[in-house]
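Coordinate inspection notes
The chain contents come next:
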Amino acid sequence: MNRLMIFLDAIRDHLDSHQLPPAASVDVNAWSSPITVQLDVDGLAKVARALLVWSQTLEDVSARLWRLVDGKWVHISITGRTPCGIPVAVFGVVRFEPSTFPDLPAGAKQDMPVYLLRGWSTPGEVAA
């Protein structure tokens, strides 16, 4: 079985095994990993909740922020592995708010603790 089929089977099995938030796209290819899932949810609270749901289904989870160069948008992502070991990255995009992301200049990428997603999953929460 080729690598692409292994990745396709792994993400299909993972999606079948869990009730996960809606995805706008799933990128699976044989030449690069991880499998990339873009969430189909809007707003910081919904993106954070969706990422938390995904984080509970993956192993070795880490989180990251990336403020796009235009400065208007922030990618919030998690990476981890399915129980069978296939790497997965899941992300959502939110509007940049200085009160939520006070130390994130345009174009910057920054690791963050996964627990911050819990605080953001309630509307009105901001970073400490």
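The text that follows walks through the structure, step by step, so that each part is easy to find.

Cut-offs used in this document
Residues numbered from 1 in each chain as written. Predicted model: local features only at pLDDT ≥ 70, side-chain atom pairs only at ≥ 80, totals over all residues. Heavy atoms only, no water. Salt bridge = Lys/Arg side-chain N within 4 Å of Asp/Glu carboxyl O. Helix = DSSP H or I, 4+ residues; strand = E, 2+ residues; numbered from the N terminus. Buried < 20%, exposed > 50% of the residue type's maximum accessible area, 1.4 Å probe, protein only. Contact = heavy atoms within 4.5 Å.

**Structural notes on the pattern of salt bridges**
- Inspection of every chain in the model, using the stated rule, returns three salt bridges.
- A salt bridge links arginine 64 to aspartate 111; its shortest N-O distance comes to 3.3 Å. Of the two residues, arginine 64 is situated in strand 3 (residues 59-67) and aspartate 111 in strand 6 (residues 109-112); the sequence distance between them amounts to 47 residues.
- When salt bridges with common partners are traced through the structure, they connect Asp9, Arg12 and Asp13 into a single cluster.

**Focus: the side chain of serine 121**
- Relative to the helices and strands, serine 121 is located in the segment after helix 3 (116-120).
- A residue is classified by how much of its surface remains accessible, and serine 121, at 13% relative accessible area, is buried.
- Not counting chain neighbours up to four residues away, the residues in contact with serine 121 comprise Ala45, Ala48, Arg49 and Leu52.

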